[in-house]
Each structure stands twice: as C-alpha cells, then as structure tokens.
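Read off the chains here:
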Amino acid sequence: MISKKICMIGAFSVGKSALVARFVHSIFSDQYLSTVGVKISKKVIDLNGADLTMVLWDMEGKDDFADVHMSYLRGAMGFFTVADGTRRETLTMALRLRELALETAGDVPHIIIVNKADLDWEISDAQLADLEASGIRIIRTSAKTGLGVEEAFTTLAEAMMKN
Ligand SMILES: Nc1nc2c(ncn2[C@@H]2O[C@H](COP(=O)(O)OP(=O)(O)OP(=O)(O)O)[C@@H](O)[C@H]2O)c(=O)[nH]1
Ligand SMILES: [Mg+2]
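The notes below deal with the structure included here. (Residues numbered from 1 in each chain as written. Chains lettered and ligands numbered in written order. Predicted model: local features only at pLDDT ≥ 70, side-chain atom pairs only at ≥ 80, totals over all residues. Heavy atoms only, no water.)

## Digging into the coordination of the magnesium ion (ligand 2)
Moving on, step 1. Taken together, Ser 17 (OG) and Thr 35 (OG1) make up the full set of protein donors to the magnesium ion (ligand 2), lying 2.0 to 2.1 Å away. Residue Ser 17 is located in helix H1 (residues 16–25), and its partner Thr 35 is located in the loop between H1 and strand E2 (38–47); the two are separated by 18 residues in the primary sequence.
Moving on, step 2. By relative accessible area, Ser 17 is classed as partly exposed at 27%.
Moving on, step 3. Residue Thr 35 is classed as buried on the basis of its relative accessible area, which comes to 18%. (Donors = N, O, S within 2.8 Å, 3.2 Å for Na, K, Ca; no water. Helix = DSSP H or I, 4+ residues; strand = E, 2+ residues; numbered from the N terminus. Buried < 20%, exposed > 50% of the residue type's maximum accessible area, 1.4 Å probe, protein only.)

## Details of the site of ligand 1
Moving on, step 1. Among the 23 residues in the neighbourhood of ligand 1, the closest are listed as Ala 18, Ser 29, Tyr 32, Ser 34 and Gly 61.
Moving on, step 2. Between ligand 1 and Gly 15 there is a distance of 3.0 Å, counted from an oxygen atom to a backbone nitrogen or oxygen.
Moving on, step 3. A distance of 3.1 Å separates an oxygen atom of ligand 1 from a polar side-chain atom of Lys 116.
Moving on, step 4. Protein burial of ligand 1: of its 650 Å² of free accessible surface, 94% is covered by the chains.
Moving on, step 5. Because more than half of its atoms lie within 2 Å of the grid, ligand 1 is assigned to the largest pocket.
Moving on, step 6. In terms of residues, the shell around ligand 1 owes the most to one element, H1, which gives three residues.
Moving on, step 7. Considering only residue class, the shell around ligand 1 consists of seven nonpolar, ten polar and six charged. (Near = heavy atom within 4 Å. Polar contact = N/O pair within 3.5 Å; in protein donor to acceptor, adjacent residues only side chain to side chain. Areas by Shrake-Rupley, 256 points an atom, 1.4 Å probe, with all protein chains shown as cover. 1 Å grid on protein atoms, 1.4 Å probe; cavity = no way out; pocket = protein on both sides within 12 Å on 5 of 7 lines; lining within 4 Å. Sits in = over half its atoms within 2 Å of the grid points. Nonpolar A, V, L, I, M, F, W, Y, C, P; charged D, E, K, R; others polar.)

## As for the environment of Gly 15
Moving on, step 1. With respect to the helices, strands and loops of the structure, Gly 15 is situated in the loop between strand E1 (2–10) and H1.
Moving on, step 2. A sequence separation of 28 residues divides Gly 15 from Lys 43, and the C-alpha atoms of the two residues are 18 Å apart.

## Re the packing of aromatic side chains
Moving on, step 1. This model, assessed by the stated rule, comprises three aromatic pairs.
Moving on, step 2. Centre to centre, the rings of Phe 23 and Phe 153 are 4.0 Å apart; their planes meet at 5°, and the pair counts as stacked. With Phe 23 in helix H1 and Phe 153 in helix H4 (residues 149–162), the pair connects residues that are 130 residues apart, well separated along the chain.
Moving on, step 3. For Phe 23, a relative accessible area of 2% corresponds to the buried category.
Moving on, step 4. According to the relative accessible area criterion, Phe 153 is buried, its value standing at 0%.
Moving on, step 5. Just above the ring of Phe 23 sits the side chain of Lys 43; from NZ or CZ to the centre is 4.5 Å.
Moving on, step 6. Directly above the aromatic system of Phe 12 lies the positively charged group of Arg 87, at a separation of 5.1 Å from the ring centroid. (Phe/Tyr/Trp six-rings, centres within 6.5 Å; stacked < 30°, edge-to-face > 60°. Lys NZ or Arg CZ within 6 Å of the ring centre and 35° of its normal.)

## Brief notes about the nonpolar core
Moving on, step 1. Counting residues in each nonpolar core, the largest one holds 40 residues, and the members touching the most others are Phe 23, Met 54, Leu 56, Phe 79, Phe 80 and Phe 153.
Moving on, step 2. Secondary-structure elements contributing two or more residues to this core are E1, H1, E2, strand E3 (50–59), strand E4 (78–84), helix H2 (89–105), strand E5 (110–115) and H4.
Moving on, step 3. Once you skip the residues sitting within four places of it in the chain, Phe 23 turns out to touch Lys 43, Ile 45, Met 54, Leu 56, Val 149, Glu 150 and Phe 153.
Moving on, step 4. If you look at the next biggest cluster of nonpolar residues, it comprises ten residues, including Ala 83, Ile 112, Val 114 and Leu 128. (Core = buried A, V, L, I, M, F, W, Y, C linked by side-chain atoms within 4.5 Å. Contact = heavy atoms within 4.5 Å.)

## Here we look at the layout of surface pockets
Moving on, step 1. Each pocket or cavity is described by its volume, and for the largest pocket that value is around 790 Å³.
Moving on, step 2. Around the largest pocket, the lining is made up of 31 residues, and of these Ser 17, Ala 18, Ser 29, Gln 31 and Tyr 32 lie nearest the centre.
Moving on, step 3. Every element with two or more residues in the lining of the largest pocket is listed here: H1, E2 and E3.
Moving on, step 4. With six residues, the top contributor of residues to the lining of the largest pocket is H1.
Moving on, step 5. Classifying every residue of the lining of the largest pocket by side-chain character gives twelve nonpolar, eleven polar and eight charged. (Points joined across faces, edges and corners; volume = space filled by probe spheres on them.)

Purely spatial values, then, with no claim about function.
So this is what it looks like as structure tokens:
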C-alpha cells in the first residue's frame, strides 16, 4: 500500500488540528486544545481505485518561525500551510513558513489553506487572487461546516500521486 507523509503547518489556533479532526473523524469541536509537538493521524483514501494512506503530521503552531520544528518536515511528500481568514497576520506567516518548508522538504506539492470560512474574514478575495495569480494553490475551508476540507486533502493527494 502506498503511504505518504503530509505536514500541517501554520500559526497557532488557525485550525490545523480541527481540519485533521474534520477530515479523519468527521467531527468538530469549538474547544481549543493547543497541540504540543506533533500529533500523527492516518486516513486511508480511495484515489481512482487505489488505496492511499495519508499520514498527517499535525504540528504545534508557532508565533516565532525560528522555533518551528522544521525537522518534522523531513521526508514530507506534501504539506499544507494553514492560515486563519479572520487574522491577516496568519497569512503572512503561512507564506513565510511555506518558503521554509520548501527549503526543508524540497519542491513537493503543497497548498495554502485559508480556514474559518464560516466567519467574517480580514483576508480579502483580492489578496488571495493575487497569490493565486502568482501560482500559489489556495483552498478556502471551514473545519466547522466541512466546506472545502475533503477537496483540500483530495487535491493534495492527487498532486502527490502525480509527483
Ligand atoms: N468557526 C470556526 N472555528 C474554527 C475552525 N477551525 C478551527 N476553529 C477553532 O479554532 C480554534 C483553534 O483550532 P485548532 O484546530 O486547535 O488550531 P491549531 O492550528 O491546531 O492550533 P495549535 O495546535 O495551537 O497550533 C478552536 O477553538 C477551533 O474550534 C473553523 O473552520 N471555523
Ligand atoms: Mg493543533
């Protein structure tokens, strides 16, 4: 069976763990339980008739990039950098983390997730359109309602299988 390591990185409280919980267990909680270190979960998906095990490394969010545990990114076949649409600075952080992750993991498939689509956003469509025009892949999600979550994981899985 094919298995792929995928990292979830981003600022604290953007919803990395909530996205994994939604995708793997179809659940959502309003409670905030900050991740310590890394939590690994697995989900087997059917991709065009073949089983693919997605091994999700849900990392602790950091305010300070220097502290981000980039060593966890070694061997990642893909990654998500997650931002919180209600906090503009989390997108800036996601973009910087993306650069760092590409240095560590190499040029692997990756997607920027802008999460919390069920709330009012500080990040504008125009800002995201600019990034998309520069070739960055962005998917809008809500871990709360499930919007875009399946799409994000499936899109990354497909890109990794082509890689
Ligand atoms: N309304 C709304 N709240 C969300 C969404 N996703 C996550 N949250 C909430 O945001 C808070 C933080 O979510 P987490 O998934 O723990 O965030 P995290 O990125 O894993 O945080 P760290 O582990 O500390 O880095 C929790 O209270 C969640 O319930 C969403 O899509 N919509
Ligand atoms: Mg977490």
